[in-house]
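Take a look at the letters that make up each chain.
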Amino acid sequence: MTDPGDDELSSRTGSPDGEGLVSEDRSSLHQRLAVRELIDTEVSYLHVLQLCASDIRSRLQQLPREDLDILFSNIDDIIEVNSRLLRHLQDTASREEDQAQLIGDLFLEFQEELEQVYKVYCASYEQALLLVETYRKEPGLQREIQGVIAAVLPQAGPSGLGFLLVNPLQRVTKYPLLLQKILENTLPDASAYPVLQRATSALQDVVTNINEYKRRKEVASRYTKVEQLSLRERLARINPHTLSKKTTRLSQLLKQEAGLVPKTEDKEFDDLEEKFQWVSLCVTELKSNVAAHLDGLEVFLRFQPPEPGLDIPGGPAVQYCDLARDLQLQAFPQFKQRLEGLVWQPLCSLARALAGPQNLIRKRLDKLLDFERVEEKLLEVGSVTYEEEAARHTYQALNSLLLAELPQFNRLAMQWLRQILCTFVTLQRDLAKQVLQRAEGSLAQLPHRHLSEPAFRGLVEDALDQASHQLRSFQENFEKVLPPPTTQLLLPGAERQVQALLSAYGPGKLYQVTGNISGTGTLDLTLPRGHIVALLHNKDTRGNSSRWLVDAGGRRGYVPAGKLELYRVVPSEEDLRGQAKPCGDSRHRTPEPTPAAVPSVPAVTQVVAVYPFAARSSREVSLQAGQQVTVLEAQDKKGNPEWSLVEVNGQSGYVPSSFLARAPSPAPWGWGLPP
């Protein structure tokens, strides 16, 4: 049997006009068949995608969630876009005369959406294939996957996951071919012809752009990985090739800084990088602050809740203790747990997400130096090697990728950071509200709970002023009535040592050890309770005022300042007898004024070595820590104050000025050693 359409076509071949009509009808027929192929294959393709997203993905729950995200990528976005495209394609069937033109307009309208969704899928396709290969190495898991796919989609065959994953790639590359087939069967003078031409070219551009994006992502993937390498591993990677590249880059950078060669300016990228670095700094600072906040909470929660020390059956004290225990055992641990889960962990994830782009930006600078050097050679010589051409393409790929994706990344990072901050504020507000609610019963017992806030603030200020005035009065009265001095007994045989220290330093520098001291450091002293020492310096070399440098009667070193108290010299019996002699009729004798004590005048040239110093030449002199030094000149011959000319044990020479500290040596007070 013959087709009626063929009979009709053969009946028209008897004249030239008939031959033209036959050609036109044949083109129209093939055009309709091409359109039908486009729509039918789109229906079949979309059906497979929907099975993957619904049935197959839901039955592969034995795979990790991260694996499923990589395998199926953004398949939901592809289904959404292609579903709308299919509905519009099917709607064109009602207007058969303009169907070809409507299809061309439709693909022009969907050009950008198709490119956006398919380039994301194609960029992750290689990573999905790597997962498929790892599954094949586990026979049990591979059999489970094949069983799921065979039950849902038998036509997948032994290829399994590979057949499903390649479908979107094949489909997006087939769109230009299907449109080209419709175009070939459209008469050049038809109104649909130029529209189909533009649509075919647009879909070819989509495929080209997807391939270029995929290539850029593959280049970038080599540099976004942040490796934690030890120094030995870094040194092991150094070879003549890497040394040559780094030397060339450094040379190029120095030429640019010296102004010998022009530097490539990219205002758009510089603005994007500045914003990225600002976001990165904000994330780093916030992470540090939240970590300190969590550490403070951890320290706070280590303390035991207070227990009432009085046997009181009830009242405000017991209520306060119950409230404090409730807050410490429930409210604050819950707050800490929510803070870690809703703020700290997302903040750490954001910090990790910033590491890849940060590394990519650093690599871009290296590749930019390579690119500029190759461009210079290209202008001078006119040709470059294959490796140099590859370096040019690598920079162009990295730069294009950063310019395309860094704005979106900055925007998403800002949204992410803003959400974290809002969550942190909300958690703090919830904690304050929870504390106030739990403390409501205790607050109700306050005597001034009915006062307004300004009135209560004034009441508190008045109470504080009154308490401060009472404290000052107490301090003044306390200073007027000093407690009697308490003097500890001297150790046996220590009188001669005390007299020697008095002669050398005076009574104002003498201190007595209030408790046994066990030195732990090299310069620390071990002294018994009651030992008398003379203060040399009230700080150690690091400026710590809790460790004092003292003279223990020949030995010098550091002791805790908290175990020293000022030593009050007890007058001898002869002095007491002299003070007790009668002075005649004191009623008629005008008492002679007591001469004021002459303050000790520190010798400016007497200092103490706070660090040991080993002489390195004949112009220098060696020092021991704690050794007394006489400064001859506080500078060297060139006037440099960093070196001082000193005399030690009869030898003179230069020492670092920072190794010396003032230790005033007062004039003798007149005490002598007993005979």
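Residues numbered from 1 in each chain as written. Predicted model: local features only at pLDDT ≥ 70, side-chain atom pairs only at ≥ 80, totals over all residues. Heavy atoms only, no water.

- As recorded in an unreviewed UniProt entry, the protein chain goes by the name Rho guanine nucleotide exchange factor 37, listed as coming from Catagonus wagneri.

What to know about the overall build of the protein chain
- Assigned secondary structure in the protein chain consists of 18 helices and ten strands.
- The buried share of the protein chain, taken over its 675 residues, is 33%.
- At a minimum sequence separation of 6, the contacts of the protein chain that also span at least 24 residues come to 67%.
- On the protein chain, roughly 42,100 Å² of surface is accessible, and the fraction owed to carbon and sulfur atoms is 54%. (Helix = DSSP H or I, 4+ residues; strand = E, 2+ residues; numbered from the N terminus. Buried < 20%, exposed > 50% of the residue type's maximum accessible area, 1.4 Å probe, protein only. Contact = heavy atoms within 4.5 Å. Areas by Shrake-Rupley, 256 points an atom, 1.4 Å probe, with all protein chains shown as cover.)

Remarks on the nonpolar core
- Membership of the largest hydrophobic core comes to 63 residues, with the highest contact counts inside it found for Ile56, Leu71, Phe107 and Tyr118.
- Breaking this core down by element, the ones donating at least two residues are helix H2 (16–59), helix H3 (65–72), helix H4 (75–91), helix H5 (99–123), helix H6 (125–136), helix H7 (139–152), helix H8 (161–184) and helix H9 (192–224).
- Examining the composition of this core, we find that twelve residues originate from one element, H2, more than from any other.
- Discounting residues that sit within four places of it in the chain, Phe107 has contacts with Leu38, Leu85, Leu89, Leu114, Tyr175, Leu179, Ala199 and Leu203.
- Listed in part, the 34 residues of the second largest apolar core include Leu327, Ala331, Leu354 and Leu401. (Core = buried A, V, L, I, M, F, W, Y, C linked by side-chain atoms within 4.5 Å.)

Here we look at the confidence of the model for the protein chain
- Mean pLDDT for the protein chain: 79, with 80% of residues reaching 70 or above.
- Least confident of the elements in the protein chain is helix H1 (residues 4–11), whose mean pLDDT is 46; most confident is H4, at 92.
- Within the model, pLDDT remains below 50 along residues 1–14, and this stretch shows ten contacts once partners closer than five positions in the same chain are excluded.
- Scored below 50 in pLDDT, residues 579–604 shows ten contacts in the model against residues more than four places distant or in partner chains. (pLDDT = per-residue confidence, 0-100.)

A word on the sheet that holds strand E3 (residues 547–551)
- One open sheet holds the five strands; their spatial order is E4-E3-E2-E1-E5, and the pairing between them is antiparallel. The outermost strands of the open sheet, each flanked by one partner alone, are strand E4 (556–560) and strand E5 (564–566). Strand-to-strand twist in this sheet, taken as the mean axis angle between neighbours without regard to direction, amounts to 50 degrees.
- Both E3 and E4 contribute to a ladder of five bridges, which runs antiparallel. Residue pairing for E4: Asp551 is matched across the bridge by Arg556.
- Where helix H17 (residues 495–505) meets the sheet, its contacts fall on strand E1 (510–513), strand E2 (532–537), E3 and E4, and the angle it forms with E2 comes to roughly 25 degrees. (Pairing = 2+ DSSP bridges. Axes fitted to C-alpha atoms, helices over the stretch in contact; angles between N-to-C directions.)

Structural notes on the pattern of salt bridges
- Within this structure, the stated rule accounts for 24 salt bridges.
- A salt bridge links Arg84 to Glu80, with the nearest nitrogen and oxygen atoms 2.8 Å apart. With Arg84 and Glu80 both in helix H4, this residue pair falls four residues apart, about one helical turn.
- The partner of Lys267 in a salt bridge is Asp271, with the nearest N and O atoms 2.9 Å apart. Taken together, the residues Lys267 and Asp271, both in helix H12 (residues 267–302) and four residues apart, mark about one turn of the helix.
- For Asp271, a relative accessible area of 36% translates into the label partly exposed.
- What you see here is one network of salt bridges that share partners, running through Glu80, Arg84 and Glu113. (Salt bridge = Lys/Arg side-chain N within 4 Å of Asp/Glu carboxyl O.)

Focus: the sheet that holds strand E10 (residues 660–662)
- Pairing is antiparallel across the open sheet formed by five strands, whose spatial order is E9-E8-E7-E6-E10. Of all the strands in the sheet, the pair left with one neighbour each is strand E9 (651–656) and E10. Pairs of neighbouring strands in the sheet enclose a mean axial angle of 45 degrees, with direction left out of account.
- Relative to strand E8 (residues 643–648), strand E7 (residues 628–633) runs antiparallel, the two sharing three bridges. Opposite Glu633, over in E8, you have Leu645 as the bridge partner.

What about the pairing of E1?
- The alternating pattern of E1 places Leu510 and Gln512 on one face and Tyr511 and Val513 on the opposite face, and all of these are buried.
- Across three bridges, E1 lies against E5 in antiparallel orientation. Its bridge partner lying in E5, Gln512 is registered against Glu565.

Things to note about the environment of Asn516
- Looking at where Asn516 falls in the secondary structure, it is placed in the loop between E1 and E2.
- Judged by its relative accessible area of 54%, Asn516 is exposed.
- For the pair formed by Asn516 and Lys563, sequence separation is 47 residues and the distance between their alpha carbons is 8.3 Å.
- For Asn516, the residues in contact, after removing those within four places along its chain, are Leu527, Pro528, Arg529 and Lys563.
- From its side chain, Asn516 meets the backbone nitrogen of Arg529 in a polar contact 2.8 Å long. (Polar contact = N/O pair within 3.5 Å; in protein donor to acceptor, adjacent residues only side chain to side chain.)

Digging into helix H14 (residues 386–438)
- Taking 1.5 Å per residue, 53 residues should reach 78 Å; H14 reaches 74 Å between its end C-alpha atoms and fits that length.
- Remark: the principal bend of H14, roughly 40 degrees, maps to Glu405, with a proline, Pro407, within the next four residues. (Expected span 1.5 Å × (residues − 1). Bend = angle between axes of the 7 residues up to and from the residue.)

Side note on unusual backbone geometry
- For Ser73, which is not glycine, the phi dihedral falls at a positive 45 degrees.
- Topologically, Ser73 is positioned in the loop between H3 and H4.
- The class for Ser73 is partly exposed, based on a relative accessible area of 23%.
- Backbone geometry places Asn649, a non-glycine residue, at a positive phi of 55 degrees.

What about the packing of aromatic side chains?
- Evaluated as defined, the whole model comprises six aromatic pairs.
- Taking the centre distance of 6.0 Å and the plane angle of 45 degrees together, the rings of Phe276 and Phe409 count as tilted. Taken together, the residues Phe276 in helix H12 and Phe409 in helix H14 connect sequence positions 133 residues apart.
- Owing to a relative accessible area of 0%, Phe276 belongs among the buried residues under this scheme.
- Exposure remark for Phe409: the relative accessible area of 23% places this residue in the partly exposed category.
- Here Tyr511 and Trp548 contribute two aromatic rings whose centre-to-centre distance is 5.4 Å and whose plane-to-plane angle is 75 degrees, an arrangement assigned as edge-to-face. Here the residue Tyr511 occupies a position in strand E1, and Trp548 occupies one in strand E3, the gap between them amounting to 37 residues.
- These aromatic residues form a ring-pair network of at least three members: Phe613, Trp643 and Phe659.
- Seen from the ring of Tyr213, Lys119 lies directly overhead, with NZ or CZ sitting 4.8 Å from the centre.
- Positioned above the aromatic ring of Tyr558, the side-chain terminus of Arg547 is 4.6 Å from the ring centre. (Phe/Tyr/Trp six-rings, centres within 6.5 Å; stacked < 30°, edge-to-face > 60°. Lys NZ or Arg CZ within 6 Å of the ring centre and 35° of its normal.)

A few points about H4
- For H4, with 17 residues, the first-to-last C-alpha span of 24 Å sits near the 24 Å given by 1.5 Å per residue.
- Of the positions making up H4, those classed as buried are Ile75, Ile78, Ile79, Val81, Asn82, Ser83, Leu85, Leu86 and Leu89.

A look at the environment of Ala614
- With respect to the helices and strands, Ala614 occurs in the loop between strand E6 (606–609) and E7.
- For Ala614, a relative accessible area of 54% translates into the label exposed.
- In this structure, the C-alpha to C-alpha distance between Ala614 and Val655, residues 41 residues apart in sequence, is 9.1 Å.

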